[in-house]
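Structure assessment
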2 protein chains.
Amino acid sequence: MIRIDRLRKYCEIKNRYKEVIIINPIMTGGLIPKETWEKLIEENWLNVGYSVCFDCIKGQSSLVSKPPIRDFLSEVAEFLGGDIVHHTFGCRAAQFAVMRTISNYVKGEGAEDYANIVLVDSLCHYTTVIAAEMAGLRLAEVPHSGHPEYRIFADGFRQKIEEIKSKTGKLPGLIAVTHVEPYHGNMNPAEEIGKIAEEYGIPYMVNAAYTAGIIPLNMKDLHADFLTASAHKSMASLAPLGFLAASHEWAKRVFEESKVRTELSGRSFKNKIPNIFGCSIGGIPLISAMYSFVHVVKRVGRWEEELAKTRWFIREMEKMDGVHLIGEEPHNHHLLHFETPIFWEISKRHKRRGFFLAEEMIKRGIVGLQRGLSRHIKLSLYGLERDQAEKVRDAFFEIAERYIKKFNLDYPVP
Amino acid sequence: MIRIDRLRKYCEIKNRYKEVIIINPIMTGGLIPKETWEKLIEENWLNVGYSVCFDCIKGQSSLVSKPPIRDFLSEVAEFLGGDIVHHTFGCRAAQFAVMRTISNYVKGEGAEDYANIVLVDSLCHYTTVIAAEMAGLRLAEVPHSGHPEYRIFADGFRQKIEEIKSKTGKLPGLIAVTHVEPYHGNMNPAEEIGKIAEEYGIPYMVNAAYTAGIIPLNMKDLHADFLTASAHKSMASLAPLGFLAASHEWAKRVFEESKVRTELSGRSFKNKIPNIFGCSIGGIPLISAMYSFVHVVKRVGRWEEELAKTRWFIREMEKMDGVHLIGEEPHNHHLLHFETPIFWEISKRHKRRGFFLAEEMIKRGIVGLQRGLSRHIKLSLYGLERDQAEKVRDAFFEIAERYIKKFNLDYPVP
């Protein structure tokens with residue numbers, strides 16, 4: 001028998017980051033508005049795991065009307081410009097559903113022109129690579145322009161399609177583009193790429209994990225067949241939750257119901273969708289997404305203000321000698337990647353080495369820099385009030401100043 | 001632009017079942033203890049989606065030490081008798097990981113003796129069927145004994161293995177057994193089946209969605225290579241969350257790290273595990289599981305008391321004329337399935353037809369009967385205090401009495 005005493009520590013786990021300014025770019029779009037968590041508590045949604053299943057009649061959470069999940073998914077579809085939307089266990093599970101669909105599609109009749117290849121941007125998120133691996137699709141990559149802008153051009157997709165065509169005699173089975181890529185926050189030319197996909201007749205998925213819920217977008221404008229979204233990354237929701245939006249045409253395949261009939265017991269599960277594990281449950285993350293939805297729709301309408309704040313912050317940071325933004329200029333997303341030679345110099349002399357920077361920020365109540373990194377940093381000010389954004393800037397300046405003086409570095413004090 | 005006005009209803013969603021007695025058998029093992037949800041609120045874990053990722057260094061939630069996820073998973077491994085445990089997006093995702101592993105295994109070198117077949121009990125949960133479908137495994141089923149006990153015997157597995165062997169010349173690639181099946185709450189002879197699996201050298205998975213966290217068990221005692229668990233079904237956790245436990249030998253395969261190296265960008269993701277989407281995030285469900293763990297370990301130690309209450313309730317229910325338990329006798333699990341001819345008779349005369357029963361129970365603050373069913377009902381009293389269990393019994397008796405009188409039925413008043 002397991003010893004209870006040893007387990008008590010799990011009852012006492014503290015949240016080290018209860019009241020902090022969060023600047024981790026994977027988190028800022030997933031901060032839960034006060035009204036949402038107050039509602040979650042007030043309505044006691046924390047009292048049971050299967051919280052949305054009380055009034056499930058059909059055995060499929062997306063069809064539940066109390067709470068209004070079915071209606072909500074229609075609204076999310078309109079919001080994303082898709083025809084049909086299902087919730088998933090995160091954007092990664094949505095991508096997997098697409099990849100599995102394509103993997104089966106290219107093996108089927110009438111798809112002889114398509115190879116078992118997914119063509120991606122070379123800065124796609126790791127979950128895209130993993131989803132392809134899970135579904136048994138091979139990856140082909142479109143190159144980026146390298147340092148310092150790391151841009152992806154739509155024309156690169158055309159070239160690569162032609163290259164695949166001449167090598168294999170077939171088209172890629174799928175083009176998958178990361179709407180905003182996770183390394184530098186570059187916005188890829190998803191619409192232009194969509195036109196190329198359309199021209200060649202190649203199914204097209206846009207991974208909008210960093211944009212759906214942040215930036216106005218419409219998958220029809222992007223000429224996309226599939227759009228994948230992350231609710232905990234960009235739609236102010238608890239994890240894990242994502243959405244998969246599809247066109248009517250592709251929805252038939254990606255949301256196809258189970259076809260198995262068991263040999264002996266003769267059971268079939270016609271409301272269950274294999275690509276999303278039959279039913280994706282939802283639970284408290286889905287409730288949180290519903291409570292946050294108005295907030296999310298409204299904030300997307302204020303994206304230009306967010307972008308202005310982000311660009312202001314870039315200019316401020318670049319006042320530090322040698323600090324500069326990596327990625328496209330002008331920048332179009334809240335995810336920022338800076339080269340910070342000043343902090344790299346400090347790290348060489350600091351007893352905490354590269355860890356000093358994240359630790360100094362935490363001391364100032366600012367959390368989210370990757371621990372150990374000082375030469376390059378990634379951060380986001382999304383959702384912060386102007387005074388908080390100024391506090392973040394001031395913290396960087398203060399830390400630089402402190403150590404320039406302490407180590408007598410040949411850098412101007414910012 | 002989507003109209004905000006129309007969306008306000010999502011901010012106002014009410015929990016219709018805030019303060020009720022829950023008797024839905026998928027829910028009772030997933031009721032969140034007061035201490036857990038108080039801690040979730042007190043520590044403000046509702047404030048951000050990626051709540052466990054602040055101190056992630058290696059890009060894999062199962063390796064995080066703050067909060068102590070890595071340690072926790074070791075404890076869960078000990079609790080389940082496994083060597084290695086990872087958390088997953090629910091038991092369904094854990095089963096899929098196993099099925100995908102086997103699907104790849106039987107295609108590989110050295111596994112020529114194994115067919116692309118998973119042998120299951122014919123009362124397995126639908127998620128087992130869907131997981132096999134997702135992974136491209138064919139299903140073969142072991143029959144049950146039919147009405148009224150619906151038992152599965154270990155010997156049926158031996159017979160079916162021999163049948164598959166003589167038909168295909170190969171062994172099934174996997175035996176997957178539902179430890180307690182979801183239709184009648186029968187406990188399958190998992191240990192005996194495990195010995196048969198071992199004898200033939202067939203990989204063996206036990207789906208413990210209804211038992212891990214409820215009943216003392218140890219996968220080594222069951223001779224299992226894999227054990228799948230549902231945290232929101234049976235470990236007092238928020239959804240979606242599951243666990244996959246594996247032996248050392250199989251852990252190497254099922255938790256194998258990503259092998260892809262992208263052609264152009266040369267990226268590889270060595271801490272990412274494809275079978276669980278790279279990383280299964282965790283989020284607030286995982287935090288809830290950690291807070292609830294002591295409670296779960298303790299309650300498993302009190303299983304005999306729960307079982308005594310369950311058996312008492314069966315005897316009470318069977319005092320109603322014609323009502324009797326379907327499934328094995330004596331019963332060994334909290335999931336109960338009754339035939340209730342008295343309620344069926346009432347439903348024929350009631351204007352709400354079969355819906356009357358669930359609705360009458362809800363009026364009495366008791367929630368969880370499937371709406372529309374009156375001839376057969378499924379319920380669970382797991383975790384209820386004795387006075388609450390009596391309240392449930394009394395509610396059934398009252399409803400029967402009321403309508404026996406109202407419709408002048410030829411049934412004795414209970």
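Residues numbered from 1 in each chain as written. Chains lettered and ligands numbered in written order. Predicted model: local features only at pLDDT ≥ 70, side-chain atom pairs only at ≥ 80, totals over all residues. Heavy atoms only, no water.

1. Focus on the nonpolar core
How we decide: We define a nonpolar core as any set of buried Ala, Val, Leu, Ile, Met, Phe, Trp, Tyr and Cys residues linked to one another through side-chain atoms lying within 4.5 Å. Here's how the labels work: a residue is buried when its accessible area is under 20% of the maximum for its type, exposed when over 50%, partly exposed in between, all with a 1.4 Å probe on protein chains only.
Core analysis: the biggest nonpolar cluster contains 232 residues, and Phe243 of chain A together with Phe243 of chain B have the highest contact counts within it. Grouped together as the second largest cluster of nonpolar side chains are 35 residues, Ile23, Phe356, Ala389 and Leu409 of chain B included.

2. Observations concerning the relation of the copies chain B and chain A
Each of the two chain copies goes to the other by way of a rotation about an axis and a shift along it. Quick note on the threshold: All copies are superposed by least squares; the fitting set is the C-alpha atoms of residues with a pLDDT of at least 70 in both. Two residues qualify as a contact provided that any one of their heavy atoms is within 4.5 Å of a heavy atom in the partner residue.
With an RMSD of 0.0 Å, chain B superimposes on chain A once it is rotated by 180° and translated 0.0 Å along the axis. Such a turn and shift between the copies fits a two-fold axis. Considering only C-alpha atoms, the residue of chain B closest to the rotation axis is phenylalanine 89 of chain B, which sits at 3.3 Å. Most of the interface of chain B is mirrored in chain A, where 100% of its interface residues again form contacts.

3. Observations concerning the packing of helix 6 (residues 154–168) of chain B against helix 7 (residues 190–200) of chain B
Residues and elements named next belong to chain B. Note the cut-off: Note on geometry: axes are C-alpha line fits, over the in-contact stretch for helices, and angles between N-to-C directions span 0 to 180 degrees. Helix and strand assignments come from DSSP, with helices taken as H or I runs of at least 4 residues and strands as E runs of at least 2, each series counted from the N terminus. In these notes the angle categories are as follows: under 35 degrees is roughly parallel, over 145 is roughly antiparallel, 65 to 115 is roughly perpendicular, and the rest is oblique. It is the rotation of the near helix from the far one that decides the hand of a crossing: anticlockwise by less than a right angle makes it left-handed, clockwise makes it right-handed. In this classification, the charged set is Asp, Glu, Lys and Arg, the nonpolar set is Ala, Val, Leu, Ile, Met, Phe, Trp, Tyr, Cys and Pro, and all remaining amino acids, among them Gly, are polar.
Across the interface, helix 6 lies against helix 7 with an axial gap of 8 Å and an inter-helix angle of 30°. It follows that helix 6 is roughly parallel to helix 7 by the angle criterion. In this structure, the crossing between helix 6 and helix 7 has a hand that is right-handed. Counting all contacts with helix 6, which are made through Ala154, Phe157, Arg158, Ile161, Glu162 and Lys165, the residues of helix 7 involved are Glu192, Ile193, Ile196, Glu199 and Tyr200. Here the residues of the contact of helix 6 with helix 7 sort into six nonpolar, no polar and five charged.

4. Let's talk about the domain arrangement of chain A
Where interface size is given, it is often the accessible area lost as the parts come together that is meant. Residue and element names in this part refer to chain A. What counts is decided by this rule: In this document the domain limits rely on a domain assignment from an automatic tool or a database. Two parts placed together each lose some accessible area under a 1.4 Å probe, and adding up what both lose gives the buried area. Put simply, a salt bridge is a Lys or Arg side-chain nitrogen that is within 4 Å of an Asp or Glu carboxyl oxygen.
Under the domain assignment used here, chain A contains domain 1 (10–25 + 302–406) and domain 2 (34–299). Residue-level contacts link 16 residues of domain 1 with 21 residues of domain 2. Buried surface at the junction of domain 1 and domain 2, summed over both partners, amounts to about 1600 Å²; 53% is from carbon and sulfur atoms. One can count zero salt bridges joining domain 1 with domain 2. The residue makeup of the side of domain 1 that touches domain 2, split by class, is five nonpolar, six polar and five charged.

5. Section: the interface of chain B and chain A
Here is the rule we go by: Polar contacts, as counted here, are pairs of nitrogen or oxygen atoms within 3.5 Å of one another; within protein the pair requires one atom able to donate a hydrogen and one able to accept it, and residues that are adjacent in sequence qualify only if both atoms are side-chain atoms.
With 104 residues of chain B in contact, the opposing surface of chain A contributes 105 residues. At the boundary of chain B with chain A, total buried surface from both sides reaches about 10200 Å², with 64% on carbon and sulfur atoms. For the interface between chain B and chain A, the tally reads 20 salt bridges. A salt bridge links aspartate 55 of chain A to arginine 371 of chain B, with the shortest nitrogen-to-oxygen separation between them at 2.6 Å. At the surface where chain B touches chain A, the tally comes to 58 residue pairs in polar contact (both at pLDDT 80 or more).

6. Some thoughts on helix 13 (residues 356–363) of chain A
Within helix 13 of chain A, the full set of buried residues consists of Phe356, Leu357, Ala358, Glu360 and Met361 of chain A. The first or second residue beyond helix 13 of chain A is glycine 365 of chain A, which carries a positive phi of 80°.

7. Brief notes about the pairing of strand 2 (residues 84–88) of chain B
Residues and elements named next belong to chain B. Formally: A strand pair is defined by DSSP finding two or more bridges across the two strands.
Within strand 2, four of the five residues are buried, which leaves the element mostly enclosed by the surrounding structure. Pairing between strand 2 and strand 8 (residues 242–246): five bridges, direction antiparallel. By the bridge assignment for strand 8, threonine 88 is matched with glycine 242.

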